[in-house]
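# What the coordinates show
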Amino acid sequence: MKVKLHIWRQSKKSTRKDFKQDGKMVCYEVDHVSPDMSFLEMLDVLNEDLIRSGEEPVAFDHDCREGICGSCGVMIDGVAHGPEKGTTTCQLHMRSFQDGAEIYIEPWRASAFPVIRDLVVDRAAFDRVVQSGAYISVNTGAPQDANAIPIPKPDADKAFDAATCIGCGACVASCKNASAMLFVGAKISHFAHLPQGKVEREQRARNLVEQMDEEGFGNCTNQYECEAVCPKEIPIRVIADMNREFLRAKAKEE
Amino acid sequence: MSWLLSFWRSSIGGKVTMAVTGLMLFGFVVVHMLGNLQFLFAEPEKINSYAKMLHDLGPLLWVARIGLLSVFALHVTTAIRLSRANRSARPVAYQRPGTVQASMASRSMVLSGFSVLGFVIYHLLHFTLEVPAITPEFEAQVKIGEEFTKNVHSMVKTSFDNWYIVSAYAVFQVILFLHLSHGMQSLAQTLGLQHKRYTPIIKLTSFGLALVIAGGNMLIALSVKLDRFLPDLGLVG
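Everything numeric here is computed off the predicted structure, so don't read it as measured data. (Residues numbered from 1 in each chain as written. Chains lettered and ligands numbered in written order. Predicted model: local features only at pLDDT ≥ 70, side-chain atom pairs only at ≥ 80, totals over all residues. Heavy atoms only, no water.)

### Thoughts on the interface of chain B and chain A
This is how it is decided: By definition, residues are in contact when any of their heavy atoms lie within 4.5 Å. Accessible-area loss on putting two parts together, using a 1.4 Å probe and summing over both, is the definition of buried area adopted here. When a carboxyl oxygen of Asp or Glu lies within 4 Å of a side-chain nitrogen of Lys or Arg, that pair is called a salt bridge. Polar contact criterion, stated in full: a pair of N or O atoms within 3.5 Å, where within protein one must be able to donate a hydrogen and the other to accept it, and residues adjacent in sequence count only if both atoms are side-chain atoms. The way it works is that DSSP assigns letters per residue, a run of H or I at least four long becomes a helix, a run of E at least two long becomes a strand, and they are numbered from the N terminus. Note that Gly is not counted as nonpolar here; it falls among the polar residues with everything else outside the nonpolar set of Ala, Val, Leu, Ile, Met, Phe, Trp, Tyr, Cys and Pro and the charged set of Asp, Glu, Lys and Arg.
With 36 residues of chain B in contact, the opposing surface of chain A contributes 48 residues. Each partner contributes to the roughly 3,500 Å² buried at the junction of chain B and chain A, and carbon and sulfur atoms together form 55% of this total. In terms of surface lost to chain A, no three residues of chain B exceed Ile12(B), Tyr94(B) and Arg96(B), which account for 18% of the buried area on that side. Run the count over chain B and chain A and you get zero salt bridges. Connecting chain B to chain A are 29 residue pairs in polar contact (both at pLDDT 80 or more). Every element with two or more residues in the side of chain B that touches chain A is listed here: α1 (2-9), α2 (11-36), α4 (59-88), α5 (104-107) and α8 (163-190) of chain B. Considering every element that reaches the side of chain B that touches chain A, the biggest residue donor is α2(B), with five residues. Classifying every residue of the side of chain B that touches chain A gives 14 nonpolar, 17 polar and five charged.

### Comments concerning the sheet that holds strand β3 (residues 75-76) of chain A
Residues and elements named next belong to chain A. Applied cut-off: For two strands to be treated as a pair, DSSP must find no fewer than two bridges joining them. Fitting a line to C-alpha atoms yields each axis, with helices limited to the stretch in contact; the angle taken between N-to-C directions then spans 0 to 180 degrees.
Reading across the sheet, the five strands line up as β2-β1-β5-β3-β4 and stay open at both edges, with mixed pairing between neighbours. Lying at the two open borders of the sheet, with one neighbouring strand each, are β2 (24-30) and β4 (79-80). Most of the contacts of helix α1 (residues 39-52) go to strand β1 (residues 3-9), to which it runs at about 80°, and overall it touches β1, β2, β3 and β5 (102-106).

### Details of a nonpolar patch on the surface
What counts is decided by this rule: Surface patches are drawn from residues lacking salt bridges whose relative accessible area is over 30%; two like charges belong together within 9 Å, two nonpolar side chains (Val, Leu, Ile, Met, Phe, Trp, Tyr) within 5 Å. All accessible-area figures derive from a Shrake-Rupley calculation using a 1.4 Å probe, and residue coverage is judged against the displayed protein chains alone.
On the surface, Met53(B), Leu54(B), Leu57(B), Leu60(B) and Val63(B) cluster together into a nonpolar patch covering about 440 Å² of accessible area. Of note, Leu57(B) is situated in the loop between α3 (44-55) and α4.

### With respect to unusual backbone geometry
All names here are of chain A. The line we're drawing: Think of it in three bands: residues with accessible area under 20% of the maximum for their type are buried, residues over 50% are exposed, and the middle band is partly exposed, with areas taken using a 1.4 Å probe on protein chains only.
Despite not being glycine, Arg-65 has its phi angle at roughly 55°, a positive value. Of the residues examined, Arg-65 reaches a relative accessible area of 27% and is grouped as partly exposed. With a phi angle near 50°, Ala-178 is a residue other than glycine that sits in the positive phi range. Positionally, Ala-178 belongs in the loop between α4 (170-174) and α5 (181-192).

### Re the pattern of salt bridges
Applying the stated criterion to the full structure yields 21 salt bridges over all chains. Two residues, Lys85(A) and Glu233(A), come together in a salt bridge whose shortest N-O distance is 3.8 Å. Here Lys85(A) is found in the loop between β4 and β5, whereas its partner Glu233(A) is found in the loop between α8 (225-229) and α9 (237-252), with 148 residues between them in sequence. The exposure class assigned to Lys85(A) is exposed, which follows from its relative accessible area of 56%. For Glu233(A), a relative accessible area of 47% gives the class partly exposed. Among the ionic pairs, Glu130(B) bridges to Lys150(B), the shortest N-O distance being 2.4 Å. A residue pair is termed long-range when its members are at least 10 positions apart, and Glu130(B) in the loop between α6 (109-128) and β1 (141-144) and Lys150(B) in strand β2 (residues 147-150) qualify at 20 residues.

### Description of the packing of α6(B) against α8(B)
Residues and elements named next belong to chain B. Inclusion rule: The labels follow the angle: roughly parallel below 35 degrees, roughly antiparallel above 145, roughly perpendicular from 65 to 115, and oblique for the rest. Throughout, a crossing is termed right-handed when the near helix is turned clockwise from the far one, and left-handed when it is turned anticlockwise from it by less than a right angle.
Close contact between α6 and α8 brings their axes to 9 Å; oriented N to C, the two are set at 135°. In terms of orientation, α6 and α8 fall into the oblique class. Relative to α8, α6 is oriented so that their crossing is left-handed. Contacts between α6 and α8 involve Met-109, Ser-112, Gly-113, Ser-115, Val-116, Phe-119, Tyr-122, His-123, His-126 and Phe-127 from the former and Ile-165, Ala-168, Tyr-169, Phe-172, Ile-175, Leu-176, His-179, His-182 and Gly-183 from the latter. When its residues are assigned to classes, the contact of α6 with α8 shows 11 nonpolar, eight polar and no charged.

### Digging into the packing of aromatic side chains
Under the convention used in this document: Under the pairing criterion, centres of Phe, Tyr and Trp rings, with the six-membered ring standing for Trp, must be within 6.5 Å; the plane angle then separates stacked pairs below 30 degrees from edge-to-face pairs above 60, leaving the rest tilted. In this scheme, the term charge over a ring applies when either NZ of a lysine or CZ of an arginine sits within 6 Å of the ring centre and within 35 degrees of the ring normal.
Considering all chains together, one arrives at 14 aromatic pairs over all chains under this definition. Relative to Phe126(A), the ring of Phe113(A) has its centre 5.2 Å away and its plane inclined at 75°; by these criteria the two rings are edge-to-face. A residue pair is termed long-range when its members are at least 10 positions apart, and Phe113(A) in the loop between β5 and β6 (115-117) and Phe126(A) in helix α2 (residues 124-131) qualify at 13 residues. Neither residue differs from the other here; Phe113(A) and Phe126(A) are each classed as buried. Between Phe119(B) and Tyr169(B), the ring centres sit 5.1 Å apart and the planes meet at 85°, which makes this aromatic pair edge-to-face. Taken together, the positions of Phe119(B) in helix α6 and Tyr169(B) in helix α8 put the pair 50 residues apart, joining distant regions of the chain. Given the relative accessible area of 14%, Phe119(B) is considered buried. Among the aromatic residues, those joined into a ring-pair cluster are Phe119(B), Tyr122(B), Phe127(B), Phe160(B), Tyr169(B) and Phe172(B). Positioned above the aromatic ring of Phe41(B) is the side chain of Lys46(B), whose terminal nitrogen or guanidinium carbon lies 5.1 Å from the ring centre. The ring of Trp62(B) has Arg65(B) lying over it, and the distance from NZ or CZ to the ring centre is 4.9 Å.

### With respect to the domain arrangement of chain A
Residues and elements named next belong to chain A. Which entries qualify depends on this criterion: Domain limits in this description derive from either an automatic procedure or a database domain assignment.
Here chain A is partitioned into domain 1 (3-117) and domain 2 (123-252). The C-alpha-based centres of domain 1 and domain 2 are spaced at 28 Å. At the junction of the two partners, domain 1 supplies 22 residues and domain 2 supplies 22 residues. Carbon and sulfur atoms supply 57% of the area buried between domain 1 and domain 2, which totals about 1,500 Å² over both sides. On the surface where domain 1 and domain 2 come into contact, there are two salt bridges. On inspection of domain 1 and its partner domain 2, the count reaches six residue pairs in polar contact (both at pLDDT 80 or more). Tallied by class, the residues present in the side of domain 1 that touches domain 2 amount to 10 nonpolar, eight polar and four charged.

This is the structure we're talking about:
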């Protein structure tokens, strides 16, 4: 099959003052695309063509290419990770597109995610949110006996649903307000349902929300675009969990 | 009080402010509609004595007015702060934007919100401040018992005789419906009310209540315009 691509090309890193830099949409045509190729393999084919003709290849993030690392992710026709539900960009296959399709490929757009080059964005803001308290502090020593702390199955499931987040940033990218609340909600909800997380719950809710605000993410307006594109299908329940945890923490603050 | 300000400044604090003030304003809209449903009984005395009762509250009325106005002002200023932050959170727009499941109502909250603000100003100029350029001339006084009181019925009746005014109010009801239908379910989520069993009920209730409010208000305007009231339909004696 044959596709026509419109790709965002940008050679310099975005700054707060100049987010766009020299960026612009460039049109490419790719022949000999197999429907069995993944979306990233199709981009590989394009890049080989570009290298052969002496042009700069398109930079895009990728690593495991099996939907677990969270590295890849681009906006495909305005939808994060493309048209298939519950998949990352690397799990998307060209059979999801018509032969001769015109496809728009853009990087995640958020002031907290500056573009490094082409389709690659800097997601260090997520790391800083995690560093602000999305963990539990424990003394390491001899490991505890398994099942020493009983956790009801429904709670374990809720925590696990949130823990499946791979930090790809699709929630921010798809949100009309570039809000990171699904991501931060997942981190908070992950620990809120577990006894191990209860000790630091107030501090965690406060610190994570504070860091999220400092990074310049937007505010959720409950449109649930994040939930629709999340490759791990994390439910918007985690945002309600976060709101409750934050309100509880603020109410108890001295 | 600095803790309150810092709470308001945080993202979730701002959202909670929107939710709580939104809920209060929703309560007002319900009471406003229920009170005005008295127009449907045809007799002008009903609504006129209701209006008199409200006016006779005196200082209490002012407490309610100032309270309502501050809640409204807080709702609007918080909305401005949050939507400005949302705008700057995405400095470069997508060349090809896409939407998967965000409803039309949810996407137009800022627009519908400012339309409501504009209309509330018009509504106040029309029926509360009675600005001559906007309010048609009406029989200003009516006698209830021994006392003369403001003829609210005549004010509304003369206004809604005009199809332009009726249509303007109709358009406003559609916008209000959009705003409330998303606002109600959104505030539940913001306040942390999210449950597999209850969320679908909340969404349905939100839609239904918004429809009842917009429909109820519309019914009043049409009933006054068309001169058809509940007694005409044999519903009340």
